[in-house]
Structures are given as C-alpha cells and as structure tokens.
Number of protein chains: 2
Amino acid sequence: MKKILVLGAGKSATSLIHYLLERADQEDWTITVGDRDLSLAEHKVEGFERGKAIRFDVDEEERKEKLIAEHDIIVSLLPAFLHPKVSKACLKIGRHIITPSYVSADDLAMSEDFAKADLLFMGEMGLDPGIDHMSTLQIIHDIENRGGNITAVRSFTGGLIAPESDNNPWNYKFTWSPINVVLAGQGTAQYLKEGKRKYVPYNRLFSLYETYSIPDYGAFEVYANRDSIIYLDKYELKNIPTFIRGTMRREGFCDAWNAFVKLGLTDNGFPIVGSSKMTYNDLIEAFLPGKNPQLSLQQQLAEFLGIDEGHETMKKLAWLGLFDNIQIPVENGSPAMILKDLLEPRWKLEPDDKDMIAMLHLIDYELNGEAHRYKATLVVKGQDAENTAMSHTVGWPLGIMVRLLSQGKIKSRGVKIPIMPEVYEPVLKELESFGVVFTHQDAVVGFEI
Amino acid sequence: MKKILVLGAGKSATSLIHYLLERADQEDWTITVGDRDLSLAEHKVEGFERGKAIRFDVDEEERKEKLIAEHDIIVSLLPAFLHPKVSKACLKIGRHIITPSYVSADDLAMSEDFAKADLLFMGEMGLDPGIDHMSTLQIIHDIENRGGNITAVRSFTGGLIAPESDNNPWNYKFTWSPINVVLAGQGTAQYLKEGKRKYVPYNRLFSLYETYSIPDYGAFEVYANRDSIIYLDKYELKNIPTFIRGTMRREGFCDAWNAFVKLGLTDNGFPIVGSSKMTYNDLIEAFLPGKNPQLSLQQQLAEFLGIDEGHETMKKLAWLGLFDNIQIPVENGSPAMILKDLLEPRWKLEPDDKDMIAMLHLIDYELNGEAHRYKATLVVKGQDAENTAMSHTVGWPLGIMVRLLSQGKIKSRGVKIPIMPEVYEPVLKELESFGVVFTHQDAVVGFEI
C-alpha cells in the first residue's frame, strides 16, 4: 500500500483529490488531505473510505516531519512562499514531492541533494506551468527527431471564461486566486526576440501585448509571462532566436487593466489609511494627477489615460462601479486589496458558469530548407463553478504524476520540471482521455535560403 | 564619565564622530566607534585619546549586548534594515538610542516600552529626516503661538552639488549612497493637496514634479518623498488641507531620470544574466519595445520617450555613455546595480568638489483674516569630498543630540522624532554656529474672507 499526502485543500485541490480518491482502491492508496482549515479537508474526502482529513500547519515542525515520514509521496498545493518548508522536510526525511508551483533558484540548488537521496522533486506540474511545458516539449522533440531546427517558440496560456458564460465587458472572471490575478506581472518580464533579449518592466507590461487568434474562439491578447529566458536551458534550446511564454486575455483586457497599473491601484505595499471612509470616486481621484479639477472624474481619467470618454476601457471601468459614489468596504487596505475586493464579486463565477482554459503554441522550425510553423491549440471548458477547467488542468497532471511515481514508472531524480518523455508521454496521453486534446497544424510558411 | 557608542563608521559618520571626539575632554566622554570593517573605525578615531575603534557585527548577539551594556548612549548609523537589531537590544538592556533613520511602524510599536523604561529612542535625527522636521516645527509653533492657522506645509530637501563644482549636464553628483539614489522613490508616494489625499505610484513619480526657486540659486525640481501623510499626526496638523514633503533636484533632472524608470533600469529585483557580455547599447535595446528597428538606438529611445533627439534628456543620457559600445563591467547585475555602476564614477565627487544641501519650506497660514506665506530657505555647502555638507548636516544634529541627552537636558521618552521645542531649539541654535542658517521671509499674499 502507498500512502499519499496532499497538503492544501483549497479550490485548486478538488480535481487532484478526486483523481486520487477515485483510483485509491485500484492502486491500493490511502490519501491524507491536510489543511489549516480542517473542515475544508474533510469536505474534500467526504464519502471516500480511503480518504482522511487532518488539520495541517506547515509551521508545526515536529508534527509536519512525522506526517511526511508516515507517507510515501507528498503533493504540496501550499502557496509558493510556504513550499520550501515542505520540500526541505521531504529531502530531510526522504520523500518524493510533487507541486504545481514554479521551481525557484533555491529549489534548484537542492537538485543534487534530491538526486543523491534517490528522490524526485517534480515542480511546475500543473497547467501553466505544467501542461504547457509537456505539450511544447513533445512537439519540439518530435520536430528535432524529424531533423528540424527550432527557430521560435511562442507559448501562451490563459485561464478565462467560456463564451457561453461570458456576460461582462471585461470578458474575464476569476478562476484563480483573485489577489494573485491583481498582482500578476509585477517585476520585469524577460524573453528572447530575434536573437535579442527583451526586458519589459511592469509599467509597460500591459501596453506591450500582441494579438493572436484561436479558430472558433476569436482574438486573444497576449502579454509576456515572467522570465521566459530561464527555460532556454531547461528546454535545451540554447541557440533559439525567439522564445516567449505569455498570458492570454480576451481582446481589450490589457488596455483596461493597464489603467489600474498606470493609476497605481495594483500596489500591495502600503495601506490606504482610512480607506473605509472613502468612496471609489475618492480613491480614483487620489491617484489622478488632478491637473484639470474642473473636469468630471471620468473626463479626468480619460485624459490621464489618453483615450476618449467613449473608449471601451472607460466602459469596463464604469461597469465595475469605479465612478459610483459607493463606500469602500475595506478598512486600511492596500490599493491592490481594495481592487481585489471590488473585482471579486463582479468577476465571480456563478454556480453554472463554465470557465475555459486556452493554450496556444506557435513553434517555428526549419526542415529541409523550408520554414515551417507548427501551431497547437487547446481549449478546455469546465462544467460549473466547482468543477472548473482550471482545477481539472492543474489537478489531473498532478494526480497522473502521483500514479506514475507510485507505480515506479518514473526514473528521473533531482529537482525537475516535466520536460522528459517518460513524464509527458503518459501524462498527455491520459489527459486526452479526460478531453484535454490539442489541435495540431503544421504548415510550410515560406522558403529559407 | 559618559560612554558613547557609535555603530557604523561609513561616510556619513565622519562629522558626527568628529563632533563627539572634539568635545570628549570637555564633556568627559569616551567614544567607541564600531564597524564591520575595523580599519574604517580606526581611521575615524585616529589621533584621539578618548576614541576607541572596535570591530562590530550586529549579528553577534552576546557581544552586541555586552557592548551596549558597557555604554550610556548608542548612536546607530547602520543601514535601516539592521536598526531593529540594535534598538531592541537597547530596550532590553536599558540604553538611549539615537539614529538618523526613518522611524518604522515596528519602531513606533516599541514607544510605550521605551517610555516605561525611562528611555529615549530618537529617530529621524539627521538632515532629511531631521533638520527638516526641526526647522519646520519651529516655524509652525511660532505661527501657532502668534494665533495663526496653518493651511499648507511644503517642505523640500535636496542633497546636491554646489554651482562652483557643478560640471556635468545632470547637475548632480553622489553625496549619499549611490544604490539608494538609484532605488529612491520606489513604492507609492503620499501627500495631501487641498484637502484631498494624493497617491503617486513610482511609474509617475518623476513626471509629476513641480518647480520652485531659491534666490541666488535658481530653479529646482521637486518630487514627492515617500509618505508625507504619516507626519500629519506627528506634526499635530490633523486638519491642514495641504501637506507635502519632497526631494529637490536641479531643473531637467526628473525628466531625464524618468527615462530610466520608463525603461525599467531601476529594477533591483532580478539579475541580467550574462550582463558582462553586453554593452550599454545592448542593454538599452533590450529594454526598448523595438517597434522601429530601422532607426538608430537614440532615435528609438527618443521616440519611446516622446521627445526630440536634441532634447536635454538625450544629452544627459549620451553624456553617461549609454549609447557607446562599451562593455558592461558588472557580471549578472540587476538593472539597478548596472545603472549604479555606470553612474558612480561619472557622478563622483572630486576631492575638491563642494556638495550643497538645499532646503525650502513654504508654510501658508491665515492670521487676522490675512493669508500669509512663510518661506524659509537653507543652503549649506561642503568643504570638499571628505567634509561634505551632507555628512555635516546628518552628523551635527546627531552629535548635538548626544550632548543634550548626556547633559540630562532632554526629558522626552519613548520612540520620538525631533519635533519638540526642547530638542529643536538648542539643536537649531547650535547648528547656526556651524553656519547652518535659514533665511526667513514672511509675507501677506492676499486676503481671505
């Protein structure tokens, strides 16, 4: 019997826990789900004999180590900044760990130690990062095996709302941690374009988007996602001229979101003292330069943004109630927390709403003197607000990885991301059986001399 | 005999240490100067019998506590993030502490404990913050004592270069920690304008400057300095409509510095991997959107900044060598570190250079139905690169404070900043004897109904 420990029982854990519980008899597993909030964990394992809920606090050192020692495979869904407390304990005690979070430089530094201990730390094993890595590498390796030379990789993913549930002017709802959406992109994005490194600071990130389309689904805006350059080594594409990973949003989103960035409303670094005594009107006014106080707030904002009052961005902002004289309910919140609080009910998935994952890979290569473009697209829709495409596409790869590891089918050791055939082949294959199916196109686009 | 302990023997400590050593016989003091770098401390006390240099590491807990216990008054010039390690030890052991650093919320939370222990933690006791508080409050209290009602406080300080040593197009040289100059202003600035709070995010800070002049010294640009609003309570000006603290630079500086902010060159959060293999040209290009690659780098940058190629900003950037094909000497540096490294030799004080402190207070008030504007200006010049106006105006107030405290003349206890008459009166008076003399103007500017 193998004992699996899942740490974190939040929204994104549902599909993973179900995947594991449904296969527990057949695989002879017991599944322990731990969360700070015991009732959350209990809810997730309800009705499954092989599931057990416990209260888990990552800071209770002794109890944590005992717990990890009692299990064979650990899956950590804790917030990224808490991961090291779990991964270090896994190394110390000698357990495999799987997580959907980004692998940090500190994580990587432990790779040799993990390998020496015959252990695997598999990071970035969710959707993005996760399925994006696996599907990109499967295509890249196939092209390379056919003798092709990869010249550009563009890989974009978006957690969006399905057209049939899309009823707001932002064409967006939350399917992921709202505060993480508000804070997304802070820092400097990095990618490679035509042989040159490009850096995009946060203040320009949402104005430098490009537009791509997916057949049947229309146009999407794409902005650069964090540091793409660190993946050149990992993907073994050291001499590739163009390489970018990006985030997809619906058309018009980036310009409108950029209004928040320009105003300064995504700063999470200081409290707006007495914010609950202000209206959203007051808040916007406080962030505006106020050069023409005789103008209305909307006029001032439109002027500040350099757009007409009738611009789509202004409609999006007005729809949020930003220009209404409504009291801010948050007390002493940061601008980002106040914004999150405003957006949360307005971008909330209704019980019957379907979310949608979109992924687009554009892989350019040369083969026999000809330039090719390989295009792979994926659209996955959720069932409802509980069983979201986001939860599925994060949870299923984690679950499949647990199964493969538990069955002894994975030989990789050390701190890794899922870019090796022994991982991506079986995972992508099983994902297809769940309806996670890419559409592939491969065409000659011109002649290279 | 009183024993004084000075922690930190860097550039800004010179004037303080000299102030103390020169008065050591008369006041019956011994002065211990501690620094991680023993030779630095030794250099500072050289030739003074009552001065003693020691190696000091803030992380050697036991030794630190023993050292603090052996002294009566502690002056901490350590970097701000190390202060808590000293102030907490002072509270535990029962010693007064004086520092030029900003008082944080964590510091303030210890105020009651310091007061209960009959101890004083005097923060913000340098130039800015320091002399600015003292001189502003002296004027404010005087106006209030005359029955006036303060309606606006604008207080600006700049650490600059004296006109006679000003020989670069930026009209600026480093008289303060270069990396702190590069990183200055990150976060959101806050102030009060005509009864409304204003927030300025970093991405707009250097474009929202205003211009003021000081007689005989010409025009200065002023941008908002951190959070002014926290001082409303401290200054006891809760109902004032306009209150802003700002930083002064020479005309043209803000636009040019804003080019770095817009590009993203002041980010200290990530390394430019392989930076030593790049030229400054490459660096600028990597940060430019690159929409018109057929243009020259200067043309692209001018277009990006929305200015002509002949604009003063372009001349300033060209003077730094940014457009030259010079290899970057920094390996894997953050953009901010690379920028600091570029600026440091170019903005270096030459041995005979004189720096200059400029301070400007504009205090509006109503008295007997009339609107008044009180204007106080201060210009202090240094002697040379060693004896700078910056070092003097940071060190002297600290030294005077040590003397007053040592003589039992200060009754204030708890965590404070220098806003009380028992501090500002004697400190400002003694500063005058060193040539730190404000020019005062007080005029009726109109009629208030």
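Structural data are supplied above this passage.
Everything in this summary refers to the structure shown in the same document. (Residues numbered from 1 in each chain as written. Chains lettered and ligands numbered in written order. Predicted model: local features only at pLDDT ≥ 70, side-chain atom pairs only at ≥ 80, totals over all residues. Heavy atoms only, no water.)

1. Some remarks on the overall build of chain A
Argument step 1. What chain A contains, in helices and strands, is 18 helices and 16 strands.
Argument step 2. For 449 residues, the compact-globule estimate of 2.2 N^0.38 gives 22 Å, and the C-alpha radius of gyration of chain A, at 23 Å, lies within 12% of that figure.
Argument step 3. Principal-axis analysis of the C-alpha atoms places the extent of chain A at approximately 75 × 65 × 40 Å.
Argument step 4. Scored against the burial criterion, the 449 residues of chain A give a buried share of 57%.
Argument step 5. The contacts of chain A with a sequence gap of at least 6 include a subset with a gap of at least 24, amounting to 70%.
Argument step 6. When the 49 positive and 64 negative side-chain charges of chain A are each reduced to one mean point, those points stand 3 Å apart. (Helix = DSSP H or I, 4+ residues; strand = E, 2+ residues; numbered from the N terminus. Rg over C-alpha atoms; globule rule 2.2 N^0.38 Å. Buried < 20%, exposed > 50% of the residue type's maximum accessible area, 1.4 Å probe, protein only. Contact = heavy atoms within 4.5 Å. Lys, Arg positive; Asp, Glu negative; His and termini not counted. Charge placed at Lys NZ, Arg CZ, Asp CG, Glu CD.)

2. Concerning the pairing of strand β10 (residues 210–214) of chain A
If a strand is regular, its side chains alternate between the two faces of the sheet.
Residues and elements named next belong to chain A.
Argument step 1. Of the pairings in the sheet, the one linking β10 to strand β11 (residues 218–224) comprises 5 bridges and is antiparallel in character. Among the inter-strand pairings, tyrosine 212 is bridged to a residue of β11, identified as phenylalanine 220.
Argument step 2. The hairpin turn running from β10 into β11, its antiparallel successor, is 3 residues long, and aspartate 216 in that turn takes a positive phi close to 75 degrees. (Pairing = 2+ DSSP bridges.)

3. Section: the pattern of salt bridges
A side chain of one charge can pair with a side chain of the opposite charge when the charged atoms of the two come close.
Argument step 1. All told, the structure shown has 47 salt bridges over all chains when counted by the stated rule.
Argument step 2. Linking aspartate 364 of chain B and arginine 373 of chain B is a salt bridge whose minimum nitrogen-to-oxygen distance equals 2.8 Å.
Argument step 3. Using a relative accessible area of 29% as the deciding quantity, one classes arginine 373 of chain B as partly exposed.
Argument step 4. Through salt bridges with shared partners, a single network forms among Asp25, Asp28 and Arg50 of chain A. (Salt bridge = Lys/Arg side-chain N within 4 Å of Asp/Glu carboxyl O.)

4. Some remarks on helix α12 (residues 253–263) of chain B
Argument step 1. For α12 of chain B, the buried fraction is high: 9 of the 11 residues fall into the buried class.
Argument step 2. Positive phi shows up at glycine 264 of chain B, right after α12 of chain B, with a value of about 105 degrees.

5. Notes on the pairing of strand β14 (residues 370–381) of chain B
Residues and elements named next belong to chain B.
Argument step 1. One ladder, built from 12 bridges, connects strand β13 (residues 355–367) with β14; its direction is antiparallel. Paired with tyrosine 365 across the two strands is histidine 372, which belongs to β14.
Argument step 2. What sits between β13 and β14 in their antiparallel hairpin is a turn of 2 residues, with asparagine 368 showing a positive phi close to 50 degrees.

6. Quick word on the packing of aromatic side chains
Residues and elements named next belong to chain A.
Argument step 1. All told, the structure shown has 44 aromatic pairs over all chains when counted by the stated rule.
Argument step 2. Between tryptophan 170 and tryptophan 347 the ring centres are 5.2 Å apart and the planes differ by 65 degrees, which places this aromatic pair in the edge-to-face class. Of the two residues, tryptophan 170 is situated in the loop between β7 (149–161) and α9 (178–183) and tryptophan 347 in the loop between α16 (335–346) and β13 (355–367); the sequence distance between them amounts to 177 residues. The two residues tryptophan 170 and tryptophan 347 agree in class, both being buried. (Phe/Tyr/Trp six-rings, centres within 6.5 Å; stacked < 30°, edge-to-face > 60°.)

7. Observations regarding the sheet that holds strand β4 (residues 73–76) of chain B
Residue and element names in this part refer to chain B.
Argument step 1. Taken in spatial order, the 7 strands make up an open sheet running β3-β2-β1-β4-β5-β6-β15, and their pairing is parallel. The open sheet has two free edges, formed respectively by β3 (51–55) and β15 (414–416), since each of these has just one partner strand. Averaged over all pairs of adjacent strands, the angle between strand axes in this sheet comes to 20 degrees, irrespective of strand direction.
Argument step 2. By the bridge criterion, 2 bridges tie strand β5 (residues 96–98) to strand β6 (residues 120–122) in an arrangement that is parallel. (Axes fitted to C-alpha atoms, helices over the stretch in contact; angles between N-to-C directions.)

8. Describing unusual backbone geometry
Residues and elements named next belong to chain A.
Argument step 1. Put simply, aspartate 128 and proline 129 share a cis peptide bond, and its omega is 15 degrees.
Argument step 2. Assignment of secondary structure puts proline 129 in the loop between β6 (120–122) and α8 (131–145).
Argument step 3. Residue glutamate 194 is not a glycine yet carries a positive backbone phi of 50 degrees.
Argument step 4. Judged by relative accessible area, which is 63%, glutamate 194 ranks as exposed.

9. What to know about the relation of the copies chain A and chain B
Argument step 1. Taken as rigid bodies, chain A and chain B are interconverted by a rotation of 180 degrees and an axial shift of 0.0 Å, the fit giving an RMSD of 0.1 Å. In symmetry terms, the pair is related by a two-fold rotation axis. Taking the C-alpha atom as reference, chain A places asparagine 203 of chain A closest to the rotation axis, 3.2 Å from it. (Least-squares fit on C-alpha atoms with pLDDT ≥ 70 in both.)

10. Brief notes about the interface of chain A and chain B
Argument step 1. Taken residue by residue, the interface counts 29 residues in chain A and 29 residues in chain B.
Argument step 2. In total, about 2300 Å² of surface goes out of reach between chain A and chain B, with carbon and sulfur atoms giving 47% of it.
Argument step 3. Inspection of the region where chain A meets chain B yields 2 salt bridges.
Argument step 4. Across the pair lysine 196 of chain B and glutamate 285 of chain A runs a salt bridge, and its minimum N-O distance is 3.1 Å.
Argument step 5. Here chain A is connected to chain B by 20 residue pairs in polar contact (both at pLDDT 80 or more).
Argument step 6. Elements with a minimum of two residues in the side of chain A that touches chain B: β8 (188–193), β9 (196–201), α10 (202–205), α12 (253–263) and α13 (280–287) of chain A.
Argument step 7. Element by element, the count of residues in the side of chain A that touches chain B is highest for β9 of chain A, at 5 residues. (Buried area = accessible area lost by both parts, 1.4 Å probe. Polar contact = N/O pair within 3.5 Å; in protein donor to acceptor, adjacent residues only side chain to side chain.)

11. What about the side chain of threonine 14 of chain B?
Residues and elements named next belong to chain B.
Argument step 1. Looking at the secondary structure, you find threonine 14 in helix α1 (residues 14–22).
Argument step 2. A polar atom in the side chain of threonine 14 sits 3.0 Å from the backbone oxygen of lysine 11.
Argument step 3. The contact partners of threonine 14, leaving out residues within four places of it in the chain, are Lys44 and Ser391.

12. Observations concerning the side chain of threonine 377 of chain B
All names here are of chain B.
Argument step 1. The topology assignment puts threonine 377 in strand β14.
Argument step 2. Residue threonine 377 is classed as buried on the basis of its relative accessible area, which comes to 10%.
Argument step 3. Setting aside residues up to four positions removed in sequence, threonine 377 forms contacts with Ile214, Met359, Leu360, Val437, Phe438 and Thr439.

13. Here we look at the packing of α12 of chain B against helix α15 (residues 312–319) of chain B
Think of two packed helices as two axes; the pair is described by the angle between the axes and how far apart they sit.
All names here are of chain B.
Argument step 1. With their axes 9 Å apart at the nearest point, α12 and α15 run at an angle of 60 degrees to one another. Between α12 and α15, the crossing angle belongs to the class labelled oblique. Judged by the sense of rotation from one axis to the other, the crossing of α12 with α15 is right-handed. Seen from α12, the contacting residues are Phe253, Asp255, Ala256, Ala259 and Phe260; seen from α15, they are Thr313, Lys316 and Leu317.
Argument step 2. For the contact of α12 with α15, a count of residues per class yields 5 nonpolar, 1 polar and 2 charged. (Parallel < 35°, antiparallel > 145°, perpendicular 65-115°, else oblique. Left-handed = near helix turned anticlockwise from the far one by under 90°. Nonpolar A, V, L, I, M, F, W, Y, C, P; charged D, E, K, R; others polar.)

14. Focus: the sheet that holds strand β4 (residues 73–76) of chain A
All names here are of chain A.
Argument step 1. Read across the sheet, 7 strands follow the order β3-β2-β1-β4-β5-β6-β15 without closing on themselves; strand pairing throughout is parallel. Two strands in the sheet have a free side with no partner beyond their single neighbour: β3 (51–55) and β15 (414–416). Here the average twist between neighbouring strands, direction ignored, is 20 degrees.
Argument step 2. Bridge count for strand β1 (residues 2–7) against β4 is 4 bridges, and the pairing is parallel. Bridging across to β4, leucine 5 finds its partner in isoleucine 74.

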